[in-house]
Amino acid sequence: MSARRLFFGIGLPEPLQQQLVRWRAEQFPEEAGRPVAAANLHITLAFLGDVSDEKAQGLQQLAGRIQQRAFNLDLDDAGHWPRPGVVWLGCRQAPRGLLQLAEMLRAQAARSGCHQSPQPFHPHITLLRNATRPIALPPRNFHWQFRVTHFSLYQSLFSQGRTRYRCLQSWPLSE
Ligand code: 2AM
């Protein structure tokens, strides 16, 4: 049976992706880690793993029933997780709408048999990978805000040494 590697997430507006990539190039030396491609910058809400088409359909139906209001997201925090080698951007105070949305998707995923990490949800945008060595983080004088008006289901594809995320379906949040 075919299975696809899927996750629910929030994409970033393209101009913001471009801004973040420019800022990252100014702030981090090349040897700090492997930069994530601009088009791949996103926030994961629930990682599903390898999922059959049948299970994916069920999860898509459940996602369509979620009723959640749009919210603003402030990107004003950054950090480094040396063990997975991730440098990330996030928010000092995650909006309640974001936490509720992730909580619902993660609960639906768990009930559908997709293993969910027991670690608390820490919303983040991965900026650099393979960043396992100590690194100086930029001063926290940055702040971007964007409005989250929808969430999406993505397929993670890996070919010719590159990861690409394909958006399979999006669901609007109410205004
Ligand atoms: P990361 O950026 O912190 O690595 C697609 O792989 C997305 O799902 C990434 O944003 C990744 O988060 C997230 N993810 C969460 N748990 C994962 C896992 N067990 N394996 C791979 N990716 C995972």
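Up top you'll find the structure we're talking about.
Below or above, wherever it landed, is the structure these notes cover. (Residues numbered from 1 in each chain as written. Predicted model: local features only at pLDDT ≥ 70, side-chain atom pairs only at ≥ 80, totals over all residues. Heavy atoms only, no water.)

Once that is clear, we can look at the nonpolar core. The nonpolar side chains of a soluble globular protein tend to be buried, and buried together. Counting 46 residues, the largest nonpolar core has Phe8 and Phe151 as the members making the most contacts within it. Beyond its immediate stretch of four places on either side in the chain, Phe8 contacts Ile43, Thr44, Leu45, Ala46, Leu48, Leu59, Ala63, Leu105, Phe151, Ser152, Leu153 and Trp171. (Core = buried A, V, L, I, M, F, W, Y, C linked by side-chain atoms within 4.5 Å. Buried < 20%, exposed > 50% of the residue type's maximum accessible area, 1.4 Å probe, protein only. Contact = heavy atoms within 4.5 Å.)

Let us now look at the site of the ligand. Taken together, the neighbourhood of the ligand is formed by Arg5, Phe7, His42, Thr44, Phe47, His124, Thr126, Arg129 and Tyr165. Between His42 and the ligand, the recorded distance is 2.7 Å, taken from a side-chain N or O atom to an oxygen atom. Between the ligand and Thr44, the relevant distance is 2.7 Å, taken from an oxygen atom to a side-chain nitrogen or oxygen of the residue. In the complex, 65% of the free accessible area of the ligand, which totals 470 Å², lies under the protein chains. Listing elements by their share of the shell around the ligand, those giving two or more residues are β1 (3-11), β3 (42-52) and β7 (125-129). Class assignment for the residues of the shell around the ligand results in 3 nonpolar, 4 polar and 2 charged. (Near = heavy atom within 4 Å. Polar contact = N/O pair within 3.5 Å; in protein donor to acceptor, adjacent residues only side chain to side chain. Areas by Shrake-Rupley, 256 points an atom, 1.4 Å probe, with all protein chains shown as cover. Helix = DSSP H or I, 4+ residues; strand = E, 2+ residues; numbered from the N terminus. Nonpolar A, V, L, I, M, F, W, Y, C, P; charged D, E, K, R; others polar.)

Let us look at the pattern of salt bridges. On inspection of all chains with the given rule, the structure shows 3 salt bridges. A salt bridge links Asp77 to Arg140; the nearest nitrogen and oxygen atoms lie 3.0 Å apart. With Asp77 in strand β5 (residues 77-81) and Arg140 in the loop between β7 and β8 (144-148), this residue pair connects regions lying 63 residues apart in the sequence. Overall, Asp77 belongs to the buried group, its relative accessible area being 13%. (Salt bridge = Lys/Arg side-chain N within 4 Å of Asp/Glu carboxyl O.)

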